[in-house]
Amino acid sequence: MTKQNNGVREIAYPGQILGSSKEYLASHGTYIDEQGNIVSKYLGILSISGNYISVIPLSGVYVPKPGDHIIGIVTEVEKVGWVVDINSPWLAFLSLSEGVDEFVDLKRVLLNRYYDEGDVIYAQVLSAKKGDIQLSMKGPSFKKLKGGVLVKVTPSKVPRVIGKEGSMINLIKEKTRTIIRVGQNGLVWISGEKVDKAIMTIKRIDEKSHVYGLTEEITKMLSE
Amino acid sequence: MGKIKGIELLKNGKRLDGRMPLEMREIEMKVGVIPNANGSAMVRFGKTIAVAAVYGPRLLLPKHLQENDRAVVQCRYNMAPFSTDERVKPGPTRREIEISKVIRQAVEPVLFLENYPKTTIDIFIEILQADGSTRVTSINATSLALADAGVPMKDLVVALSGGKINGTLILDLNGLEDNNSEADMPVAFTANKKEITLLQMDGELTKEEIKKLLKEIFTAGEKIYQMQIKALKDRYSE
Amino acid sequence: MLRADYILKLLEKNERIDGRKLDEFRKIEIERNIIEKAEGSARVRIGKTDVIAGIKMEIETPFPDTPNEGVLKTHAEFAPIAHPDFLPGPPSEDATELARVVDRGIRESNSIELEKLCILEGQKVWGVFIDIHIINHDGNLIDASSLAALLALMNTKIPKYENDKIVRGEYVAKLPISHYPINVTVSKIMNKYLVDLNREEEDVVDAWLSIAVREDNYLCSMQKGGKGLNIKDVDEMIDLAIKKSKELRKLL
């Protein structure tokens, strides 16, 4: 498991045996076969940290998990809630009780007064069972995102966009004087001064996440 | 579409295109050839060119086709009208319907489908040029396209055809050999575990010949496997 | 679902829901010449599976690459009468596969002497149309249909052809048949090899391999379905198919 010197992080491929489960612990993007080998499930970046072996996929759709913070777009206002596009194979649902704190008299009030078609929201995944995805807006950080621009990145690369303890995203925010929300579903919302530069930088991270020295490159890019 | 009998396909131990019996044609693989697709690949064996695109997992409609605990895999193998000497009439033929099914079954065993209830993983294959062994070429392209799409997989799938001409066992039949062989046998298997996921045969073979041919296909398949790995890694070279 | 668990539980003890041994066919009943209007026909019942094969002879244009050979065409229909899951409409994927597997067994074994079916080279030849009609589906359609097709071909007669017209009901010869392929589908469930699955067993099958075996023990076509197989599986499945083909051949 030596790292390659050509500037590209080591790429694992589906079916590649990465180690033995006697020596390592199988983490994200891997499975253990009948012989006890840890095997990659994806074409992705190989990562060994401590005893953990994981593979970060280089592509793929977003699969929601309870607790995920996501960005969604309201696509339909229904009688008792909202249908939300969350950049995933499934549509999500935000019910009235999870979307609004106050008492709503459905006879008098239209729900589009809270969230209307096309609105962008920052929300939490409440449950995700058998393709039935429920969202919640409960919590201080969850709200409608007004104005701004949406950018898509590969969902599995969201951690790279955020960086260690938010280092990468904070750097971008600071250098481009923007406010940024990153959804774990791969949608990123940006508002502020140098939005174009922020978009360019984030796209760059998405494309080059498998290359060494990414942080240095991004730092340089942002200083130009 | 009967076979021309008695055609000389082997001269001085060499095939008409100059290959040795167990020699494969020139093989080319490229991953990520269709930007719109979640995953895609082109694979060429000699003059046979297959392009595979994977869309999904995406919501499957109409609803009654959905499975509540896993993704459904759908596959369409299609020959471009200009892919053969005589124009192929558009629209699925019986041959294409059957090949679509066996290709789907050749890759399904390596997919983790349970994370994607109610969805479909659509595999679309276009044969741009056909010169024999189109289904195995398609399977190699599909294996790469699925990996490129980020669909979780147990293993890659390798495919190769074997056959018999003038009493001699051969690998990677071209179109002329395909049409006039004594037997042809397309095989697909999981690269690591050597699980056979596609096995068909037409013609006349003894049990011993089948065993011998399978062994040769496994051996030569290792080369195809290494090419698949390289093609996948090349997608993310700098 | 419970039924499937029960099937698997029995199988652990090498038992089947209908009491058969793993390598045992259900009772096979054969009727020949059952359709008078057809040039050849046969009905095969394997347990509750019921299949009719009818042969029609028509005048056809030969394929350009075989100008002096008759043509063979096989079609299968899953008529809605045969199973609640069969719906009206164009042939399904499974029906198409069935037709092509039956066709390949006959074609690749060179069963019919097609070169004897030429009327006028490059212009007129006899077309042999095999039509498989499923009457009741209780599993193992491939073996039942292949057997019905072969039996029907064996009693097919070539009609009189006079003044550019087929004279129906008058015959000049028997259809020349020189090889007799028997199709045996061997299935794998829980690492056990079985033959002749019924419909319920087919729901729990892991993988299957259909093999056409000729009277000289040459294998003439194979088709695999379901999940993966290893080399040892293929080996044992071929052995079992050859063994069972000898039994079935006695029915011809």
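Reading the values: the criteria
- Residues numbered from 1 in each chain as written.
- Chains lettered and ligands numbered in written order.
- Predicted model: local features only at pLDDT ≥ 70, side-chain atom pairs only at ≥ 80, totals over all residues.
- Heavy atoms only, no water.
- Helix = DSSP H or I, 4+ residues; strand = E, 2+ residues; numbered from the N terminus.
- Rg over C-alpha atoms; globule rule 2.2 N^0.38 Å.
- Contact = heavy atoms within 4.5 Å.
- Areas by Shrake-Rupley, 256 points an atom, 1.4 Å probe, with all protein chains shown as cover.
- Buried < 20%, exposed > 50% of the residue type's maximum accessible area, 1.4 Å probe, protein only.
- Lys, Arg positive; Asp, Glu negative; His and termini not counted.
- Charge placed at Lys NZ, Arg CZ, Asp CG, Glu CD.
- Domains from an automatic or database assignment.
- Axes fitted to C-alpha atoms, helices over the stretch in contact; angles between N-to-C directions.
- Left-handed = near helix turned anticlockwise from the far one by under 90°.
- Nonpolar A, V, L, I, M, F, W, Y, C, P; charged D, E, K, R; others polar.

1. Some remarks on the overall build of chain C
- The secondary structure content of chain C amounts to five helices and twelve strands.
- In terms of overall size, chain C behaves like a compact globule, its C-alpha atoms giving a radius of gyration of 19 Å where 252 residues would be expected to give roughly 18 Å.
- The dimensions of chain C, computed from C-alpha atoms along their principal axes, are 65 × 35 × 30 Å.
- Within chain C, contacts between residues at least 6 apart in sequence are counted, and of these 68% link residues at least 24 apart.
- About 11100 Å² of surface is accessible on chain C, with carbon and sulfur atoms providing 51% of the total.

2. Observations concerning the overall build of chain A
- Scanning chain A from terminus to terminus reveals five helices and 16 strands.
- Within the span of chain A, comprising 224 residues, buried residues form 51% of the whole.
- Residue pairs at least 24 apart in sequence account for 56% of intrachain contacts in chain A once pairs closer than 6 positions are excluded.
- Taken as a whole, chain A presents about 11300 Å² of accessible surface, with 50% of it coming from carbon and sulfur.
- The averaged location of the 25 negative side-chain charges in chain A is 3 Å from the averaged location of its 29 positive side-chain charges.

3. Some remarks on the domain arrangement of chain A
- Its domain assignment divides chain A into domain 1 (11–57), domain 2 (69–145) and domain 3 (149–223).
- Taking only C-alpha atoms into account, the centre of domain 1 of chain A sits 37 Å from that of domain 2 of chain A.

4. Focus: the packing of helix H2 (residues 134–148) of chain B against helix H4 (residues 207–234) of chain B
Residue and element names in this part refer to chain B.
- Between H2 and H4, whose axes approach to 11 Å, the crossing angle comes to 35°. In terms of crossing hand, the pair formed by H2 and H4 is right-handed. Seen from H2, the contacting residues are Asn140, Ser143, Leu144 and Ala147; seen from H4, they are Ile224, Gln228, Ala231 and Leu232.
- Here the residues of the contact of H2 with H4 sort into five nonpolar, three polar and no charged.

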